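Each chain, written out:
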Amino acid sequence: VSQSYVQRYRKPLISLQDLAQHHEGLVATTACRGGILSLPDHRRHVLSLQQIFGENLLIEIQTGAASDQVLFNKYAAELAQQLKIPIVASSDAHYAKVTDAAAHQKWLRLSAERGGSYADDYSLADLQTAIMRLSYLPQEKVAEAIANTSRIADRCEVSMPASGKFYPQVDFASVEGKVRELCEKGWLTRKLDQLAPEKQAAYRARLEIEIKVLEAA
């Protein structure tokens, strides 16, 4: 996860080489409609992941009721059968309960990047709802997908304290000093030192404000 943020491009990014090196103990799925199956050459990528993860790779279907989700799930189920890869069911959950939808719509309208709204239900689906929403697929496929969801959950062993601050272990003298070092490095990388003096002063003042906010966190 840390490495994916270091080599990010707009969003955290991890390469197949990184996955091959660190795949032990991981379960991988092909994700949602915007995931790997949306790529033009997705079969090649899926086969590459299969070489890395073996039986720990699953093709994912989701319980959304939108028409494009239905088409996606049908194709994903067919692809899983062709490539002999197990399938797994999930909810593309943006919020926990159906009653949270209105609040989520308001949040979307406030977002500069995601203005507008959508009509599909993005709440967590319980077992019966998942079965009902996936009923257009063969019954045995739905049963397999849901059973694999439970198997993955049973394999996960995570204990997370309910409160407290948890930071990664680091090997530098102080967090504050490292933050400032990275900011100064970014200053030079972005060639801010080549700007006109008045612009440099404005950016420097903003940088100092941001650093103080981080130090106070």
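See above for the structure.
Before going into details, it helps to say that this report is about the structure given with it. (Residues numbered from 1 in each chain as written. Predicted model: local features only at pLDDT ≥ 70, side-chain atom pairs only at ≥ 80, totals over all residues. Heavy atoms only, no water.)

## Concerning the pattern of salt bridges
Opposite charge on two side chains permits them to pair, given that their charged atoms come into close proximity. Here the structure, examined in full by the defined rule, presents 9 salt bridges. Note that Asp121 is salt-bridged to Arg133, the shortest N-O span being 2.6 Å. With Asp121 in the loop between helix H5 (101–110) and helix H6 (127–133) and Arg133 in helix H6, the pair connects residues that are 12 residues apart, well separated along the chain. The class for Arg133 is buried, based on a relative accessible area of 16%. Glu210 is the partner of Arg206 in a salt bridge, and the nearest nitrogen-oxygen pair spans 2.8 Å. Of this pair, Arg206 and Glu210 both sit in helix H9 (residues 197–216), 4 residues apart, which is roughly one turn of the helix. Through salt bridges with shared partners, a single network forms among Arg180, Glu184, Arg204 and Glu208. (Salt bridge = Lys/Arg side-chain N within 4 Å of Asp/Glu carboxyl O. Helix = DSSP H or I, 4+ residues; strand = E, 2+ residues; numbered from the N terminus. Buried < 20%, exposed > 50% of the residue type's maximum accessible area, 1.4 Å probe, protein only.)

## Things to note about the packing of helix H3 (residues 42–53) against helix H4 (residues 67–83)
Where H3 meets H4, the closest approach of the two axes is 12 Å, and the angle between their N-to-C directions is 55°. With respect to each other, H3 and H4 are oriented oblique. Remark: the crossing between H3 and H4 carries right-handed chirality. Contact residues: His42, Arg43, Val46, Leu47 and Gln50 in H3; Tyr75, Leu79, Gln82 and Leu83 in H4. Its residues assigned to classes, the contact of H3 with H4 shows 5 nonpolar, 3 polar and 1 charged. (Axes fitted to C-alpha atoms, helices over the stretch in contact; angles between N-to-C directions. Parallel < 35°, antiparallel > 145°, perpendicular 65-115°, else oblique. Left-handed = near helix turned anticlockwise from the far one by under 90°. Contact = heavy atoms within 4.5 Å. Nonpolar A, V, L, I, M, F, W, Y, C, P; charged D, E, K, R; others polar.)

## A short note on a nonpolar patch on the surface
Taken together, the side chains of Val170, Phe172 and Val175 define a hydrophobic patch exposed on the protein surface, amounting to about 240 Å² of accessible area. Structurally, Phe172 can be placed in the loop between helix H7 (139–155) and helix H8 (175–189). Residue classification places Phe172 among the partly exposed positions, given a relative accessible area of 31%. (Patch = residues over 30% accessible without salt bridge, like charges linked within 9 Å, V, L, I, M, F, W, Y side chains within 5 Å. Areas by Shrake-Rupley, 256 points an atom, 1.4 Å probe, with all protein chains shown as cover.)

## Focus on the pairing of strand E3 (residues 87–90)
Taken together, the 4 bridges between strand E2 (residues 57–62) and E3 define a ladder with parallel strand orientation. Looking at the pairing, Gln62 lines up with Ser90 of E3. After leaving E2, the chain enters H4 and then returns to the sheet as E3, a path that is right-handed. (Pairing = 2+ DSSP bridges. Right-handed = clockwise from strand over helix to strand, strands pointing away.)

## Some points on the nonpolar core
Leu37, Val46, Phe53, Leu57, Ile59 and Ile61 are the most contacted members of the largest nonpolar core, which totals 26 residues. Elements with a contribution of two residues or more to this core: H3, E2, H4, E3 and H7. The leading source of residues in this core is H4, at 6 residues. With residues near it in sequence (within four places) discarded, Val46 still touches Thr30, Ile36, Leu37, Leu57, Leu83 and Ile85. (Core = buried A, V, L, I, M, F, W, Y, C linked by side-chain atoms within 4.5 Å.)

## Topic: the packing of H8 against H9
In the contact formed by H8 and H9, the axes pass within 11 Å of each other and the chain directions differ by 155°. For the element pair H8 / H9, the angle class is roughly antiparallel. The way H8 lies across H9 gives a crossing that is right-handed. Judged by residue contacts, Glu176, Val179, Arg180, Cys183, Glu184 and Trp187 of H8 engage Gln200, Tyr203, Arg204, Leu207, Glu208, Ile211, Leu214 and Glu215 from H9. Broken down by class, the residue content of the contact of H8 with H9 amounts to 7 nonpolar, 1 polar and 6 charged.

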